[in-house]
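One-letter residues, chain by chain:
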Amino acid sequence: MTKKQINNILIWISAILLIVLIMTPGLWVVITAFRPQVDIMAKPAVWIPRNLSFNQFETMLFGGSEGSMGRSKVPVLSYLRNSLIISLVSTFIAVLIGTLGGYAFARHNFKGKNTYFFLVMLTRAIPGISLSLPIFILFSKIGIIDTHLGIIIVFVALNVPFTIWLTDGFFRQIPRAMSEVAMTDGCTRLQAFWHIELPLSKSGIASAGIFAFLISWNEFAIVSNLARSTDSKTLTVGLMDFTSQFTINWPGMCALAVFIIIPALILTFMVQKHLVSGLTFGGVKG
Amino acid sequence: MAKVTLEKVSKFYGNVEAVKKIDLEITDNEFLVLVGPSGCGKSSTLRMIAGLEEIDEGKIIIGEKTVNELEPRERNVSMVFQNYALYPHMTVEENLGFSLKIAGMQKNDIDKRVAEAAGILDIDEFLQRKPAQLSGGQRQRVAMGRAIVRRPDVFLFDEPLSNLDAKLRNQMRTEIKRLHQKVKTTIVYVTHDQVEAMTLADRIVIMKDGIIEQIGTPLELFETPATKFVATFIGSPSMNMISSTIKKDQEKYIMITEDGLNIPVPKSKQDVVKEGQKISFGFRAEDIVPLKFGNKPSQSWGHKSKVNLSEPLGTETLIFTNFGKIEIVSRMFTPELVRAGDELDFALNLERTYLFDDETGKAL
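Predicted, not measured: the structure shown is a model, and the values here were computed from it. (Residues numbered from 1 in each chain as written. Chains lettered and ligands numbered in written order. Predicted model: local features only at pLDDT ≥ 70, side-chain atom pairs only at ≥ 80, totals over all residues.)

J.: Looking at this model, I keep getting lost on the overall build of chain B. Mind explaining?
T.: A count of helical and extended segments in chain B gives 8 helices and 20 strands. In chain B, which comprises 364 residues, the share counted as buried stands at 43%. (Helix = DSSP H or I, 4+ residues; strand = E, 2+ residues; numbered from the N terminus. Buried ≥ 20, exposed ≤ 12 C-beta atoms within 10 Å, placed from the backbone.)

This is the structure in structure tokens:
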């Protein structure tokens, strides 16, 4: 064997190890969702599932009647509705504001531009959770605790800086002459943006949108504080419903976790192409 | 079709005055070329006409209208950019028709105009392609087509040929000239290439450091340059330029070069120079020729010198030789072989020398 071949094999082995390391917890969640509590609690662990069932999903979605321990009905459909409304609306608003912001940073010169940009990016350095108490107090004062509106506001604030950063890089890639031609071609500034620059940066905007959606969809810490009831609880917070004082309903929780993962996975695969070009092409600034 | 007038137009970038109060009148259907080294303000001037840069001082009038406050789209001008700036997500056909679509024109009318422009520029076959599938020359044509379909009052070209290779550049240059003959419109064309300027222009405007050095037809600029800068900028190879001082010698003025060569001031210039004046005198390559291969001019000055290098180009031969310590170039149109190291007698045609005052840079 040549040195190169050995190298290749080593690279493959480490890649596989790494993938196993990353995938195992996810795989375990999936397996757990499909098997009975007995198997889950077994010691030593049962690695290869013996019998699989869809009971958990039935119970979750249709309120099945199986009455074993801790299997109280969790209002998954309400949570799904909340998750969808909050994620979609906040993503839409964040992308709208962020794209316009990114365009402004990329195309206009104004006083203190770099400072503004730095400040906007600095907000990303603050851990969201550290703000959750002040946000809670503020929101309770103005009465938007446990509402979609409150959570959407937080997510928009969370996602706008990243969207600005990503789309700014994208708009910079488009030659200025492009919009100038459009303007001598009879466009207003806004028409030039809409007909020319926006279509050219759709990969960047798509990836910004996916990131914003995934961040909103997966967020747990802040929502767990702000959402108090089925009115606004999202799927991730809903996972906590499977814990009771002494027991945890592992199969139920894992079933819901699988349920949460699926849309994110589908979305990611659907736009994978955009995502890669979005991050490598637009994100890198010249 | 319209004339364009610039009145005391200035442009500032911060504290830098890029264009300094220039006055310019471009007549209807004229092909005007703005030429100058980079940073001379030619592109800023063009962009002010287009409306892409604000006019900080002065007035620009297109046709009868002052356009200072008008948006680019309201000025009815078309611009062709150096990097083409074709819309990459549209086909050639959509690129050409875009401006008409924005203007709200009917689909049939758009198609008709696009077909017409495509015919003029010979790009019919590519209408369904995207810009990425076109070669440089084809892209250039599409960019011009996009400008034509609007039937603008004024065409603006911003160094449209600098991205092409030499051969294609010559070809497109001819096509632009032909285009101007077919589509009679006022054209303002910016370039840093004096050959492009000479071949294309009805009139050339030479700019330097934000001011206009000279305006004139190509031949006027070539024959009677107003300043030292214009003299060296126009013509290829560049005009030979020698610094010297005026001295009086037996009732006649002579020029003494920095290397101590004494050359008589041409008869026609005897009255305009004065003792001690610092000047540069210039002469074109074809006005200093080896005596062996040319005729001796009536008023000439002989100079014996060694050949440093010769470049036979077929129709002409360039000979590099020394004039004192300064290297100059001589051009002869006879196909004689000259070798480096040959010693030749050169004759400088004094009637064809240009004198420039070193203080003002102006021609004497």
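Read on for the rest.
J.: Where do I start with the interface of chain B and chain A in this structure?
T.: Size of an interface, as often reported, equals the accessible area lost when the parts are brought together. Taken together, the contact between chain B and chain A spans 17 residues of the former and 15 residues of the latter. Among the elements of the structure, strand 6 (77–80) and helix 2 (92–102) of chain B are those that each provide at least two residues to the side of chain B that touches chain A. Looking at side-chain class alone, the side of chain B that touches chain A contains 12 nonpolar, 4 polar and 1 charged residues. (Contact = placed C-beta atoms within 7 Å. Nonpolar A, V, L, I, M, F, W, Y, C, P; charged D, E, K, R; others polar.)

J.: For this particular structure, what's the right way to read unusual backbone geometry?
T.: Backbone phi values are negative for most residues with the exception of glycine, while trans is the configuration of most peptide bonds. Residues and elements named next belong to chain B. Residue Pro237 is reached from Ser236 by a cis peptide bond, and omega for that bond is 0°. Checked against the element boundaries, Pro237 lands in the loop between helix 8 (228–233) and strand 11 (240–249). Phi is positive for Asn76, close to 50°, though the residue is something other than glycine. Phi at Ala85 is positive, roughly 50°, even though this residue is not glycine.

J.: Would you mind going over the sheet that holds strand 1 (residues 4–13) of chain B with me for this structure?
T.: Sheet strands pair via backbone hydrogen bonds, and the direction of the pair is either parallel or antiparallel. Residues and elements named next belong to chain B. Taken in spatial order, the 4 strands make up an open sheet running 2-1-4-5, and their pairing is antiparallel. The open sheet has two edge strands with one neighbour each: strand 2 (16–26) and strand 5 (65–66). Here 7 bridges tie strand 1 to strand 2, and the two strands are oriented antiparallel to one another. Note on strand 2: the bridge partner recorded for Leu6 is Leu24. (Pairing = 2+ DSSP bridges.)

J.: What's the story with the domain arrangement of chain B in this structure? I'm lost.
T.: All names here are of chain B. For chain B, the domain assignment lists domain 1 (4–233) and domain 2 (240–357). The C-alpha-based centres of domain 1 and domain 2 are spaced at 39 Å. In this assembly, 5 residues from domain 1 lie in contact with 5 residues from domain 2. Taken together, the residues that form the side of domain 1 that touches domain 2 break down as 2 nonpolar, 2 polar and 1 charged. (Domains from an automatic or database assignment.)

J.: I would appreciate a short explanation of the nonpolar core in the present structure.
T.: The nonpolar side chains of soluble globular proteins are, as a tendency, buried together. Core analysis: the largest hydrophobic core is formed by 154 residues, its most contacted members being Leu256 of chain A together with Leu32, Val33, Ile49, Leu156, Val188 and Tyr189 of chain B. Those residues in contact with Leu156 of chain B that sit more than four places away from it in its chain are Leu46, Ile49, Ala50, Val77, Ser78, Met79 and Val188 of chain B. (Core = buried A, V, L, I, M, F, W, Y, C linked by C-beta atoms within 7 Å.)

J.: Can you help me understand the domain arrangement of chain A in this one?
T.: Residue and element names in this part refer to chain A. As assigned here, chain A comprises domain 1 (3–58) and domain 2 (76–282). Once you take the C-alpha centre of each, domain 1 and domain 2 turn out to be 31 Å apart. The partner domain 2 presents 7 residues to the 9 residues of domain 1 that form the contact. When contributions to the side of domain 1 that touches domain 2 are tallied by element, the ones reaching two or more residues are helix 1 (3–33), helix 2 (37–41) and helix 3 (55–62). The element that contributes the greatest number of residues to the side of domain 1 that touches domain 2 is helix 1, accounting for 4 residues. Looking at the side of domain 1 that touches domain 2 residue by residue, the classes come out as 5 nonpolar, 3 polar and 1 charged.

J.: I keep staring at the packing of helix 4 (residues 136–148) of chain B against helix 5 (residues 166–182) of chain B and nothing clicks. Help me out?
T.: Describing two packed helices takes the angle between their axes plus the distance from one axis to the other. Residue and element names in this part refer to chain B. Closest axis-to-axis distance for the helix 4/helix 5 pair is 11 Å, and the angle between their directions is 20°. Classified by the angle their axes make, helix 4 and helix 5 are roughly parallel. Where helix 4 crosses over helix 5, the handedness of that crossing is right-handed. Two secondary-structure elements touch here, helix 4 through Gly136, Gly137, Gln140 and Met144 and helix 5 through Leu168, Met172 and Leu179. Here the contact of helix 4 with helix 5 is composed, by residue class, of 4 nonpolar, 3 polar and no charged. (Axes fitted to C-alpha atoms, helices over the stretch in contact; angles between N-to-C directions. Parallel < 35°, antiparallel > 145°, perpendicular 65-115°, else oblique. Left-handed = near helix turned anticlockwise from the far one by under 90°.)

J.: Which parts of the structure should I look at to understand helix 13 (residues 250–270) of chain A?
T.: Structural remark: α-helix, 3.6 residues per turn; residues separated by three or four positions point the same way. Residue and element names in this part refer to chain A. A rise of 1.5 Å per residue sets the reference length of helix 13, with its 21 residues, at 30 Å; its end C-alpha atoms lie 30 Å apart and thus fit the reference within 8%. Listed in full, the buried residues belonging to helix 13 are Pro251, Gly252, Met253, Cys254, Ala255, Leu256, Val258, Phe259 and Ile260. Those residues of helix 13 that are buried lie in contact with helix 1, helix 2, helix 3, helix 4 (76–107) and helix 12 (235–238). (Expected span 1.5 Å × (residues − 1).)

J.: Would you explain the pairing of strand 6 of chain B in this entry?
T.: In summary, the side chains of a regular strand alternate between the two faces of the sheet. Residues and elements named next belong to chain B. Neither face of strand 6 is exposed, since Val77 and Met79 on one face and Ser78 and Val80 on the opposite face are all buried. As paired strands, strand 6 and strand 7 (residues 154–158) are joined by 4 bridges and run parallel to one another. Residue pairing in the sheet places Ser78 in a bridge with Phe155 of strand 7.

J.: Looking at this structure, how should I read the sheet that holds strand 7 of chain B?
T.: Residues and elements named next belong to chain B. Within the open sheet, the 6 strands sit side by side as 6-7-8-3-9-10. Their pairing is mixed. Each of the sheet's edge strands pairs with one partner strand only, and the pair in question is strand 6 and strand 10 (211–216). With strand direction ignored, the average angle separating the axes of adjacent strands in the sheet is 20°.

J.: Before we go on, may I ask you to explain the confidence of the model for chain B in this structure?
T.: Parts of the model with low pLDDT should not have their predicted coordinates read in detail. For chain B, per-residue confidence averages 89 on the pLDDT scale, and residues scoring 70 or more make up 100% of the total. Scoring the predicted complex yields pTM 0.77 and, for the interface, ipTM 0.76. (pLDDT = per-residue confidence, 0-100.)

J.: Explain the packing of helix 1 of chain A against helix 13 of chain A to me, please; I cannot follow it from the model alone.
T.: All names here are of chain A. Two elements in contact, helix 1 and helix 13, have axes separated by 7 Å at closest approach and are oriented at 120°. What the angle tells us is that helix 1 and helix 13 run oblique. Read as a crossing pair, helix 1 and helix 13 show a hand that is left-handed. Of helix 13, the residues touching helix 1 (which contributes Val29, Val30, Thr32 and Ala33) are Trp250, Pro251, Cys254, Ala255, Ala257 and Val258. Per-class residue counts for the contact of helix 1 with helix 13 are 9 nonpolar, 1 polar and no charged.

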